[in-house]
Structures are given as structure tokens and as C-alpha cells.
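Secondary and tertiary structure notes
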Amino acid sequence: MRVVDKTTRVGRREFLRTTAGAAAVAAVAPTVSGQALAEPLKTVTSPAAATLVQMARDLYPHDALPTKFYQSAVSIIDTEVSGSADTINLLADGAVELDAAAKKLKGMPYAAIADEVERVAVLKSIESTPFFARMRSGMVTALYNQHDLWIKFGYEGPSFEKGGYLHRGFDDIDWLP
Amino acid sequence: MAKFDLNDDSVVVVIGSGAGGGTLSNELAQKGIKVVCLEAGGRFDTSDFINDEWASYAHLAWTDKRTTSGSWRVAQDFPELPAWIVKAVGGTTTHWAGASLRFQDHEWKARSTYGDIKGAALLDWPIDGAEMAPWYAKAESKMGTTGTNDIPRLPGNNNYKILHAGATKLGYKKVHTGNMSINSQPRDDRASCQQLGFCFQGCKMGAKWSTLYSEIPKGEATGNLEVRAHAYVVQIEHDAGGKVTGVVYADGDGKMQRQKARLVALAGNSIESPRLLLNSHSALFPHGLANGAGQVGRHYMRHTTGSVYAVFDKPVHMYRGTTMAGIVQDEARNDPSRGYVGGYELETISLGIPFMAAFLEPGSWGRDFTATLDAYDNMAGLWIVGEDMPQASNRVSLNTDFKDKHGMSIANVHYDDHANDEAMRSHAFKQGAAIYEAVGASKVLLTPPYPSTHNLGTNRMSEKPEDGVVNRWGQTHEVKNLFISDGSVFTTGGAENPTLTIVALAIRQADHLAGLMSRNEI
């Protein structure tokens with residue numbers, strides 16, 4: 001069978017950000033922090049942005065996905081809500097709401113909770129809020145419609161330019177009994 | 001290419017250019033009848049189609065606001081998206097998967113066959129399988145349906161091979177790659193299928209039959225057909241005698257135009273067609289055009305559907321190749337010993353990552369959900385298409401709280417599953433899961449219905465005027481020169497994907513209309 005290489009090739013920046021290497025550069029590049037975004041958000045300031053990126057990953061956790069995809073997803077949702085007076089404060093207020101829920105349940109801000117299961121418990125406590133609903137539904141497209149993410153799920157995307165799959169494995173299954 | 005005057009009252013106006021309207025327009029044009037076909041959407045070429053699910057959706061889908069009500073799951077998951085249908089020249093024949101199945105003989109006579117099912121408003125069609133057989137043959141020839149007219153069936157992809165292996169292990173016999181209006185070899189100036197895997201997004205090969213490039217250009221070549229894109233009909237008008245005189249539509253600039261007509265054939269799909277009839281109310285027709293019996297919009301059907309996705313330990317790549325790559329037909333029979341009347345087909349289906357995330361388990365989040373998506377490349381899938389029960393309360397009606405940009409009330413789509421539908425879906429889920437478990441699935445997911453792609457029954461065909469909206473020819477019982485030419489005329493839905501039947505009915509209707517017109521009976 002023609003299989004797809006789903007491996008994540010970690011880029012230098014991502015490597016520095018997510019490994020011990022980060023500590024070494026932190027001294028000379030103090031702006032590099034765990035969940036910071038390359039571009040500032042339109043409706044949310046810096047610490048809250050990191051909270052939202054963590055929430056984004058907790059909603060749809062894929063361990064093989066680098067943080068940049070979650071950052072991009074939050075940026076996309078941020079851009080969407082920035083377009084309407086009704087929603088422009090949704091994320092900023094929501095991040096405050098999320099931290100309040102985290103403090104109430106776990107005694108610390110959301111992003112400071114180390115255990116995913118405990119963060120998920122906090123998310124469940126705000127599941128009925130419009131903020132949660134917007135983040136959850138927004139993530140479905142903001143995350144999974146990022147084209148360079150598809151290959152990490154083994155999905156090859158557009159095929160017409162490559163002549164379709166007629167000669168590229170549409171019927172190549174070889175393990176059926 | 002023909003161009004007809006707005007005041008030319010000798011033309012036939014066809015509203016909609018999909019399976020019904022596009023076919024009817026061409027058939028009439030071939031017979032020398034002048035046709036103005038009005039299409040709400042834009043006109044594209046196969047090269048405009050996009051191999052990208054959301055981008056293509058934004059490009060082609062009918063996204064004007066609608067509302068929903070009722071206990072069906074779609075109202076909860078997609079409250080403003082009851083249906084996934086297309087707004088473009090070619091209508092939903094750009095998006096359809098290509099499955100072209102004839103009704104089984106008993107399905108024309110559902111009331112007689114199934115009996116009096118409590119809560120269901122079953123009715124026999126006023127036509128039957130014998131009468132329809134020659135029209136089906138013409139439709140299959142026109143569309144180049146595989147497995148008919150000596151056209152070889154398509155090769156099966158990996159998704160099909162899994163379905164086939166599991167189904168035959170269970171003892172199913174009628175398992176094959178379907179009767180598909182997708183070229184397995186070049187035919188009728190259309191290329192053969194290259195297994196792109198984007199049937200739903202418009203076939204960039206043009207291998208799949210669509211009125212966009214199969215019917216409409218042929219009709220235009222006769223000089224008798226003018227297709228106007230971006231022509232959104234808001235009202236059908238009539239004279240004091242109750243005869244239709246023409247239609248009012250908003251053109252691409254939003255300017256209202258009035259096209260006169262000798263007769264009007266409405267083919268806007270089972271949501272827009274009843275909506276337009278209801279919005280065309282007048283002093284003479286206070287409850288809407290052709291709605292004297294109060295039947296317009298009622299008996300909305302959408303097939304009993306659902307999907308089964310299975311995860312295996314090894315790769316499948318189900319997205320490679322035709323979306324509906326094969327079928328199991330053994331359960332399509334009527335066998336009440338299963339606990340329900342009617343039957344269902346099982347057909348492979350595949351979604352890309354963007355749509356899978358949205359439709360696999362709508363509303364889900366967290367690690368259980370993402371663990372399944374992590375195994376996307378190891379997934380296979382099938383879709384259930386079963387006959388649902390017509391119910392008078394399942395209906396398209398006007399939601400007067402919301403107006404479209406032309407000031408017309410939007411459609412609300414109400415649907416409750418019938419107990420028969422639920423029993424059928426449970427059975428189909430069980431059988432679908434068994435197919436995949438027979439070949440070693442490690443996990444099986446039962447996916448609720450997507451927004452409706454098979455919208456049927458809201459202007460149903462009936463022998464008696466009090467039971468429906470149109471007669472055996474699709475002519476409205478109430479207005480002599482008003483015809484319906486889409487899936488809304490379905491008296492009952494059958495277990496089959498509806499396009500072939502819509503096309504066969506349109507060819508038959510064109511023949512009848514030509515006769516009426518030549519004899520000056522209309």
C-alpha cells in the first residue's frame with residue numbers, strides 16, 4: 001500500500017520552544033514563551049491568549065500536533081469574533097470566566113493546572129456558556145481546516161492536480177483476509 | 001444561444017436547473033419548445049470546482065438562512081442548516097454522489113404494500129414500476145449509468161473492498177460497486193473517472209453526470225433554451241382565472257424582473273419549491289398557490305439515514321476514489337419481520353478531515369473524539385439510505401419571523417422521526433457495525449444524520465386532489481399550467497437515492513408537456 005508519512009517534522013523554532021533548548025535561548029530571546037502567538041490577537045491580550053491556546057488543545061488534543069496549529073486556530077476564532085460588536089469581548093471575558101472557574105475548582109488559573117484531566121474538569125464546568133460553545137464550534141473549522149495539518153492525519157487533500165488516485169493507491173489495500 | 005424577451009408569454013419558465021429542472025429544460029428544448037430556465041445560483045465550469053471541502057461548500061452550497069424544528073437530530077446539531085443542497089447552475093447534480101438506483105416495484109405502492117402504519121400518511125403513487133420502466137431506461141442511457149446499457153461498473157476502492165469483504169462474510173449477496181452515473185469509460189463527451197475522491201465538491205473531471213455540463217449545454221445548442229443564472233424567483237403570478245402568467249425574480253443586481261410564461265415548471269428542491277408556492281399567496285389563493293387542499297409543504301421526507309465509521313489497525317485511506325464506491329442491497333427489500341416496513345441501502349461514504357471533524361460526532365470534544373480522528377487514515381465508512389415514513393406534520397412552512405434579502409419569508413423545516421424510521425436506523429446501524437466487525441474493526445462509530453441531501457415529498461403526487469399537490473404528470477391539481485418537476489413530487493421516498501427517479505420523471509413530464517402544448521390543451 002502507498003502509505004502517508006504522518007510524522008511531524010519539528011522546525012527549529014518549535015524545537016526551541018518545546019524542549020530544554022528553550023531555556024538556553026530564553027536568556028537571549030525572552031519573548032519566546034510556551035504558548036505565545038507569533039501575532040498578537042485582536043480581542044485578547046497576551047496572558048489570556050496563552051490560556052485560550054491551552055484551552056484549544058484541551059478541547060481537541062492531538063499529541064502529535066505542534067502548538068502552532070492551536071495558536072493559528074485561536075487567531076482564526078479571534079478574527080471571527082472581532083468582526084461584531086456582539087462578540088468582540090467574548091474571548092477576553094471568556095478567558096476571565098475560565099480562570100475564575102479554574103480558581104474555584106482547582107485554586108489556580110487555568111493554564112497553571114498541570115494535569116489535563118483537571119483542566120478538562122474545569123472546561124466541563126463552563127460547558128453551557130456561550131464562550132465555551134463558540135470556542136468548541138469555532139475550533140472544528142479553525143483547527144481542522146488548516147491545510148498543512150491534514151497530512152498529519154494521513155489525509156492527502158486536493159488530488160485533481162496529481163491526477164486523482166486512479167494510479168496512486170485508490171484500491172491498494174493488501175491486508176484484508 | 002437563445003435570448004427571450006421578458007414579455008414573451010409563449011415560453012415555458014423552468015425554475016431551477018438541477019436534476020429535475022435542468023433535465024426538463026433540455027428535453028423541452030430538444031422538442032422545439034422555447035424555455036427560460038431561471039437559476040438562483042451562479043454558473044461555474046468544472047475547472048472552478050474546488051478539491052477542498054469547506055471552500056467548495058462556500059462556493060456551491062445553498063447557505064441562505066433556514067430554520068428547523070422537531071425532534072430530529074439535525075435540528076439540534078445544525079439548527080440553521082436542515083439541508084446540504086446546491087445553489088448553482090446544475091443544482092445539486094454538481095454535488096451528488098452519482099448513485100442511480102431504480103425504485104423497487106413495491107415502493108410505488110407503499111400504502112398497499114405496507115398497510116396502515118400508525119402515524120404515517122402513506123399513499124400509493126398514481127404510477128407504477130411498469131409505467132416508469134421505459135423512462136428509467138432513457139434516464140440511465142442519458143446519464144451513462146454503470147451496470148446498465150453495457151457500461152462496465154467502476155473499480156472498487158479500498159473503502160469498497162472493506163465493505164465487500166465484511167458484507168460477503170455476513171452472507172450478503174447483492175454487493176457491488178453500484179449503478180453510478182460516473183463514467184467508467186469515456187462517454188457522451190465526458191471523461192472517465194480518475195478516482196479524485198471529491199464527488200461531493202463537483203467533479204473536476206466531469207466524469208459524473210450533471211445537468212451543468214450534460215443537459216444544459218445540449219439544450220442551449222438547440223437555440224431553444226436560455227438559462228439565466230443569479231435569477232432568484234420570489235413569486236409565481238397568475239391571472240383572475242387562476243392561470244399562471246409568469247414569475248417575478250430578482251436578477252444578479254437585485255433588480256426585480258417579470259418573466260411572462262405560457263406555463264411554469266417549478267424545480268427548486270423540496271424546500272424551496274413549497275416555500276415559493278406558499279410565498280406566492282394571493283387573494284385568489286390565500287394559503288399559497290396550489291395549496292387549496294392544504295398539502296403544500298407537508299409530508300417532507302429526507303430518508304432514514306446515518307453513517308457507520310469503523311477504525312482498523314491498518315491503513316484504509318477511504319478518501320481515495322469515488323465517495324460512494326459500492327453498495328449492499330440485500331436490506332433494501334420489504335421484510336416486516338425485521339421490525340419495520342420498507343428497506344435500506346448501505347453505500348460507502350467518505351469525508352475528508354475537515355468534514356469528518358464536523359460531522360463524525362457533532363458537538364463532541366475531548367480525547368475520545370480526537371483519538372478516533374487520530375486514526376483517520378485507518379477508517380472505513382458507510383451511509384444508510386432507507387425509506388422514511390411520510391407524516392403530515394413533517395413539513396416545510398414559512399417562518400414569517402425571518403425574511404430573506406428580497407423580503408420573502410424563509411423556510412422552516414420540521415421533522416420528527418417516525419417509530420418505523422427509528423427501528424430501521426437501529427437495524428441498519430447494527431448491520432453496518434457487523435459488516436466492519438466481521439473484518440476486524442477495532443472500533444465502530446454510529447454517526448447521526450447529516451443535513452439532508454435527499455429532500456422529498458413536499459408537493460406530493462396523488463390520484464385525488466385532496467391527498468396531494470400534483471397529479472400523475474406533476475401538474476398541480478389546482479393550477480392547470482403549473483407543474484412541479486423535482487423530488488418534492490415524491491409520494492413516498494423508496495430506499496433509493498432519488499436522482500435517477502427525478503430525472504426519469506422529468507423526461508416523462510417533458511414528453512407529456514410537449515403533447516399538451518402541441519394539442520393546444522394548455
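Residues numbered from 1 in each chain as written. Chains lettered and ligands numbered in written order. Predicted model: local features only at pLDDT ≥ 70, side-chain atom pairs only at ≥ 80, totals over all residues. Heavy atoms only, no water.

Attention now moves to the interface of chain B and chain A. Counting residues at the interface gives 43 residues for chain B and 46 residues for chain A. Here chain B packs against chain A, burying approximately 3800 Å² in sum over the two surfaces, 63% of which is carbon and sulfur. Among the residues of chain B in contact with chain A, Arg320(B), Trp365(B) and Arg367(B) are the three that bury the most area, contributing 21% of the side total. Our count for the chain B to chain A interface comes out at five salt bridges. When the shortest N-O distance is used, the salt bridge between Asp172(A) and Arg320(B) registers 3.6 Å. The interface formed by chain B and chain A holds 26 residue pairs in polar contact (both at pLDDT 80 or more) in total. (Contact = heavy atoms within 4.5 Å. Buried area = accessible area lost by both parts, 1.4 Å probe. Salt bridge = Lys/Arg side-chain N within 4 Å of Asp/Glu carboxyl O. Polar contact = N/O pair within 3.5 Å; in protein donor to acceptor, adjacent residues only side chain to side chain.)

Take the sheet that holds strand β8 (residues 256-260) of chain B next. Residues and elements named next belong to chain B. Within the open sheet, the three strands sit side by side as β6-β7-β8. Their pairing is antiparallel. Two strands lie at the open edges of the sheet, namely β6 (232-238) and β8, each paired on one side alone. The average angle at which neighbouring strand axes cross in this sheet is 25 degrees, direction not considered. Of the pairings in the sheet, the one linking strand β7 (residues 244-250) to β8 comprises five bridges and is antiparallel in character. Bridging across to β8, tyrosine 249 finds its partner in glutamine 257. (Pairing = 2+ DSSP bridges. Helix = DSSP H or I, 4+ residues; strand = E, 2+ residues; numbered from the N terminus. Axes fitted to C-alpha atoms, helices over the stretch in contact; angles between N-to-C directions.)

Here Lys204(B) is to be found in the loop between β4 (175-176) and α7 (216-221). In this structure, Lys204(B) is buried with no salt-bridge partner, the nearest side chain bearing the opposite charge being Glu161(A) at 5.4 Å. At 3.0 Å, the side chain of Lys204(B) forms a polar contact with the backbone oxygen of Ser47(B). Only 2.6 Å separates the side chain of Lys204(B) from the backbone oxygen of Phe49(B), close enough to count as a polar contact. Discounting chain neighbours no more than four positions away, the residues touching Lys204(B) are Phe160(A), Thr46(B), Ser47(B), Asp48(B), Phe49(B), Asn51(B) and Leu196(B). (Buried < 20%, exposed > 50% of the residue type's maximum accessible area, 1.4 Å probe, protein only. Lys, Arg positive; Asp, Glu negative; His and termini not counted.)

To continue, consider the packing of aromatic side chains. If you walk through the whole model with that rule in mind, you get 30 aromatic pairs over all chains. Ring geometry for Tyr60(A) versus Phe369(B): centroids 5.8 Å apart, planes at 70 degrees, classification edge-to-face. Here Tyr60(A) is found in the loop between α3 (46-59) and α4 (67-82), whereas its partner Phe369(B) is found in helix α10 (residues 367-374) on a different chain. The exposure classification of Tyr60(A) matches that of Phe369(B), with both residues buried. Judged by centre distance (5.8 Å) and plane angle (80 degrees), the rings of Phe103(B) and Phe490(B) are edge-to-face. With a gap of 387 residues between them, Phe103(B) in the loop between α3 (73-77) and α4 (110-114) and Phe490(B) in the loop between β17 (482-484) and α12 (499-518) connect regions that are remote in the sequence. Taken individually, Phe103(B) and Phe490(B) each receive the classification buried, so the pair is uniform in this respect. A connected cluster of aromatic rings, assembled from ring pairs, spans Trp54(B), Tyr57(B), Phe78(B), Trp84(B), Phe200(B), Phe355(B), Phe359(B) and Tyr450(B). The side chain of Lys65(B) reaches across the aromatic face of Phe402(B), ending 4.4 Å from its centre. Above the face of the Phe160(A) ring, Lys204(B) is positioned so that its terminal group lies 5.1 Å from the ring centre. (Phe/Tyr/Trp six-rings, centres within 6.5 Å; stacked < 30°, edge-to-face > 60°. Lys NZ or Arg CZ within 6 Å of the ring centre and 35° of its normal.)

Bringing the sheet that holds strand β9 (residues 263-266) of chain B into the picture now. Residues and elements named next belong to chain B. Taken in spatial order, the five strands make up an open sheet running β5-β2-β1-β9-β17, and their pairing is parallel. Strand pairing shows two members of the sheet lacking a second neighbour, β5 (225-228) and β17, which therefore form its edges. With direction set aside, neighbouring strand axes in the sheet form an average angle of 20 degrees. Sheet contacts for helix α8 (residues 269-279): β1 (12-15), β9 and β17; angle to β9, the most-contacted strand, approximately 135 degrees. Docked against the sheet, α12 engages β1, β9 and β17, running at close to 170 degrees with respect to β17.

The tally for this structure, following the rule as stated, stands at 31 salt bridges over all chains. Lys31(B) is paired through a salt bridge with Asp511(B); the nearest N and O atoms lie 3.6 Å apart. One end of the pair, Lys31(B), is in the loop between α1 (19-30) and β2 (35-38); the other, Asp511(B), is in helix α12, and 480 residues separate them in sequence. Residue Lys31(B) is classed as partly exposed on the basis of its relative accessible area, which comes to 37%. Notably, a salt bridge pairs Asp188(B) with Lys218(B), separated by 2.8 Å at the nearest N-O pair. On the criterion of sequence distance, the pair formed by Asp188(B) in the loop between β4 and α7 and Lys218(B) in helix α7 is long-range, its members being 30 residues apart. Look at Lys218(B) and you get partly exposed, because its relative accessible area is 33%. Because the salt bridges share partners, they merge into one network encompassing Arg2(A), Glu156(A), Asp172(A) and Arg320(B).

Here the focus is the state of the cysteines. A full pass over the atoms with the stated rule returns zero disulfides over all chains. With no disulfide of its own, Cys203(B) lies closest to Cys199(B) among cysteine sulfurs, the gap being 6.6 Å. (Disulfide = S-S within 2.5 Å.)

Let us now look at the confidence of the model for chain A. For chain A, the average pLDDT comes to 88, and 82% of its residues sit at 70 or higher. Taken together, the stretch residues 19-33 of chain A has pLDDT below 50 and engages in seven contacts with residues farther than four places along the chain or on a different chain. (pLDDT = per-residue confidence, 0-100.)

So, about the nonpolar core. With 130 residues, the main nonpolar core has Leu143(A), Tyr144(A), Phe312(B) and Tyr436(B) as its most contacted residues. In terms of residue count, helix α7 (residues 130-144) of chain A provides more of this core than any other element does, eight residues in total. Beyond its immediate sequence surroundings of up to four residues, Phe312(B) is in contact with Trp175(A), Ile162(B), Asn378(B), Ala380(B), Tyr436(B), Val439(B), Gly440(B), Ala441(B) and Ser442(B). (Core = buried A, V, L, I, M, F, W, Y, C linked by side-chain atoms within 4.5 Å.)

Turning to unusual backbone geometry, a few remarks are in order. All names here are of chain B. You will see that glutamine 195, though not glycine, has its phi angle at about 60 degrees, which is positive. Tracing the chain through its elements places glutamine 195 in the loop between β4 and α7. For glutamine 195, a relative accessible area of 1% puts it in the buried group. Phi is positive for asparagine 520, close to 60 degrees, though the residue is something other than glycine. Structurally, asparagine 520 is set in the segment after α12. On the basis of relative accessibility, which here comes to 63%, the residue asparagine 520 falls in the exposed class.

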